[in-house]
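# Understanding the architecture of this molecule
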Amino acid sequence: MTSFTPHFVPPARLKAWLHDGAEIAVFDVREHGQYGEAHLFYGVTLPYSRLELDILRLAPRRNARVVVYDTDESVAVLAAQRLAALGYTDVYVLEGGTDAWRQAGFTLFAGVNVPSKTFGELVEMAYHTPRVTARELAAMRERGDNVVILDGRPVNEYLKMTIPSSICCPNGELGYRIRDLVPDTTTPIVVNCAGRTRSIIGAQTLINLGIPNPVMALENGTQGWYLEDLPLEHGSTRRYPDTVTPSSVASMREASNALAERFGVPEVDAATFAQWAEDTSRTLFLCDVRTPEEFAAGTLPGAQHTPGGQLIQATDQYVGVRHARVVLFDNDGVRAPIVASWLRQLGHDAYVLRDGLASGASLAEPVPGVVATLPEVDVATLASGLANGDVTVIDVRPSMSFRRGHVPGAQWAIRPRPTSLPAGRDVVVIADERGVAELFVADWRRAHAQDSRTFSWLAGGFNAWSAAGQPVEASPESPPDAECIDYLFFVHDRHDGNKAAARQYLAWETGLLAQLDEQERGAFRVGDAAATK
């Protein structure tokens, strides 16, 4: 195997790189729980356990400037080695990791989606977004006031809990569907989410579009409602209608175009997009902001699904390269300009694709970073091997999934911390995604070149084992918390009855602005300043 020598970048130089205006991708390659405890403001989570599965989506240009980091360099060096093997040519490791970053006087941030969460607080401050408290909204409902409550989260989050009588309409759909949801122009509209960001962005979206109705954000969302001992609804299926009337689309397209003009959102045609796609000096993302159902029915080649509200709420889950070109599209001329207006205020180089879905634009699909090599075994074969004592089962699913249920006798493991294996036995790996199993085994083989045992993957994973009626074992305390590096314990139970956790989360969210330095805050262009970008 060719020797690999990583390139290191000291904290002060990385800090300068982050604000030099050139493209850069900064990836935290620790597992999700470690990341959420303390990370760089611009650090994008890219767990080593999934590195090759996600890197080409987050940083598709292999000659982009990439920096990886962890706490102390140990995993980051491994990650840099794997990226080099994939053909990335400009990869650096943060010297000394997060420990050195803090020692250099730079701030580390807890939580996830921190730039987007911070942006929500800046938006409320800049626009003075109207808000209503949980008690005030409850009083309006008790009086029988004519008010429409719109929950700006995706359907899967809405199902868990929401404000009674609310209607699910994810933020990315608000501008497109608002006139069908609220036909008159006088009914007050309240937008809520689970906390703050999407409530603020959803309400301000409608205000920016010029909706004449009184519009307010529910202060602190469902958590604020719960903290006032008000009852939440669970399992509600109220949602936006599937179709939008043509007259509504026409009026909202006009409002959306005016919004795009206000914030200087540029259009790009298919011919220019094709030129950008061939430009090896710039990273290009093609983002479909429509609903999951629309995306599944057909999209443009090379596009990733980035539902509009979530793209604003969690931009770093979709766009891993700062200062890249981000091109958005829809099929209606309403949704993409709205989302682009927010991304430009977030500091991104965002564009709208002219003619959207009908443009004929395409982007080359990246070559997969993981090749399937593991043979498959079925449930019956695994059960027989266990009965005969011939196999060891390694479970690389999330630690909390393992705790809830696993094959009896299975060992939990994760790629950066591989477990020891009994000598001689073949191994069956259980994973929710085959690629995660492939990466785990590939690392094991590199570290144990003389080990000739056979590794296999259980076809269908744990779900197949359980569905076949095979025995299942739970272990609520195993692996112990300290080993669950993939799980973020930070206020994890704020939606499950823990009021102290809910208060801590809201305090974290409102406290983000105070943690920013001048350069981090200056990268946002909230308000009409976005038009001058």
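Here the structure is a predicted model, which is why all the values come from computation and not from measurement.

## Here we look at the sheet that holds strand β12 (residues 284-288)
Adjacent strands of a sheet form backbone hydrogen bonds with each other and so pair up, either parallel or antiparallel. If you walk across this open sheet you meet the 5 strands as β11-β15-β14-β12-β13, and the pairing is parallel. Strands with a single pairing partner mark the edges of an open sheet, and in this sheet they are β11 (267-268) and β13 (304-305). Where β12 lies against β13, 2 bridges are found, and the strand directions are parallel. The partner of Asp-288 across the bridge, within β13, is His-305. Along the sheet face, helix α16 (residues 335-346) touches β14 (325-329) and β15 (349-353) and points at about 170° away from the line of β15.

## Side note on the packing of aromatic side chains
Counted according to the given criterion, the structure contains 13 aromatic pairs. One Lys or Arg, Lys-15, reaches over the ring of Phe-106 and ends 5.9 Å from the middle of that ring. Cation over ring: Arg-415 sits above Tyr-48, and NZ or CZ is 3.9 Å from the ring centre.

## Thoughts on the domain arrangement of the chain
Partitioning the chain into domains gives domain 1 (7-112), domain 2 (117-244), domain 3 (262-358) and domain 4 (376-474). Here the C-alpha centroids of domain 1 and domain 2 sit 36 Å apart.

## A word on empty space enclosed by the protein
Tallied over the entire structure, the rule returns 3 cavities of 30 Å³ or more. Here the largest cavity defines a volume of roughly 280 Å³. In terms of lining, the largest cavity is formed by 18 residues, of which the most central are Tyr-42, Pro-115, Arg-322, Leu-346 and His-348. Per-class residue counts for the lining of the largest cavity are 9 nonpolar, 7 polar and 2 charged. Taken together, the elements giving at least two residues each to the lining of the second largest cavity come down to α10 (197-208) and β10 (215-218).

## Here we look at helix α3 (residues 51-58)
Buried residues dominate α3, accounting for 6 of its 8 residues. Those residues of α3 that sit buried are Leu-51, Glu-52, Asp-54, Ile-55, Leu-56 and Leu-58. Among the structural elements, β2 (25-28), β3 (44-45), α4 (74-85), β12 and α19 (434-447) are those in contact with the buried residues of α3.

## Digging into the side chain of Asn-208
Note on placement: Asn-208 falls in helix α10. The exposure class assigned to Asn-208 is buried, which follows from its relative accessible area of 11%. Beyond its immediate stretch of four places on either side in the chain, Asn-208 contacts Tyr-127, Leu-259, Arg-262, Phe-263 and Trp-342.

## A short note on the sheet that holds strand β17 (residues 391-395)
Read across the sheet, 5 strands follow the order β16-β20-β19-β17-β18 without closing on themselves; strand pairing throughout is parallel. Single-partner strands in this sheet number two, and they are β16 (376-377) and β18 (411-412). Here β16 pairs with strand β20 (residues 455-458) via 2 bridges, running parallel. Looking at the pairing, Val-377 lines up with Leu-458 of β20. The strands that α19 touches are β16, β17, β19 (426-430) and β20; relative to β20, the one it contacts most, it runs at about 165°.

## Observations regarding the pairing of β15
Taking burial as the measure, the 5 residues of β15 include 5 buried ones, the bulk of the element. Residue alternation in β15 divides its side chains into two sets, Asp-349, Tyr-351 and Leu-353 and Ala-350 and Val-352, and both sets are buried. Bridge analysis of β11 against β15 gives 2 bridges, and the strand direction is parallel. Within the sheet, the bridge partner assigned to Glu-267 lies in β15 and is Val-352. Where β14 and β15 come together, 4 bridges link them in parallel fashion. Bridge assignment links Leu-328 to a residue of β15, and that residue is Val-352. What joins β14 to β15 is α16, and the crossover it makes is right-handed.

## Some remarks on the pattern of salt bridges
This structure, assessed with the given rule, holds 38 salt bridges. Between Glu-52 and Arg-415 there is a salt bridge whose closest N-O contact spans 2.8 Å. Taken together, the positions of Glu-52 in helix α3 and Arg-415 in the loop between β18 and β19 put the pair 363 residues apart, joining distant regions of the chain. Between Arg-198 and Glu-157 there is a salt bridge, and its shortest N-O distance comes to 3.0 Å. You can see Arg-198 sitting in helix α10 and its partner Glu-157 sitting in helix α8 (residues 155-160), a full 41 residues away along the chain. The same class applies to Arg-198 and to Glu-157, which are both buried. When salt bridges that share partners are traced, they join Glu-23, Arg-61, Arg-282, Arg-344 and Asp-349 into one network.

## Details of unusual backbone geometry
In this structure, Pro-479 follows Ser-478 across a cis peptide bond, with omega equal to 0°. Checked against the element boundaries, Pro-479 lands in the loop between α20 (461-467) and α21 (499-510). Phi at Ser-165 is positive, roughly 75°, even though this residue is not glycine. Within the element layout of this structure, Ser-165 appears in the loop between α8 and β8 (167-168). Even without being a glycine, Asp-355 presents a positive backbone phi close to 70°. Mapped onto the elements of the fold, Asp-355 is located in the loop between β15 and β16. The exposure class assigned to Asp-355 is exposed, which follows from its relative accessible area of 59%.

Conventions and cut-offs
Residues numbered from 1 in each chain as written. Predicted model: local features only at pLDDT ≥ 70, side-chain atom pairs only at ≥ 80, totals over all residues. Heavy atoms only, no water. Pairing = 2+ DSSP bridges. Helix = DSSP H or I, 4+ residues; strand = E, 2+ residues; numbered from the N terminus. Contact = heavy atoms within 4.5 Å. Axes fitted to C-alpha atoms, helices over the stretch in contact; angles between N-to-C directions. Phe/Tyr/Trp six-rings, centres within 6.5 Å; stacked < 30°, edge-to-face > 60°. Lys NZ or Arg CZ within 6 Å of the ring centre and 35° of its normal. Domains from an automatic or database assignment. 1 Å grid on protein atoms, 1.4 Å probe; cavity = no way out; pocket = protein on both sides within 12 Å on 5 of 7 lines; lining within 4 Å. Points joined across faces, edges and corners; volume = space filled by probe spheres on them. Nonpolar A, V, L, I, M, F, W, Y, C, P; charged D, E, K, R; others polar. Buried < 20%, exposed > 50% of the residue type's maximum accessible area, 1.4 Å probe, protein only. Right-handed = clockwise from strand over helix to strand, strands pointing away. Salt bridge = Lys/Arg side-chain N within 4 Å of Asp/Glu carboxyl O.

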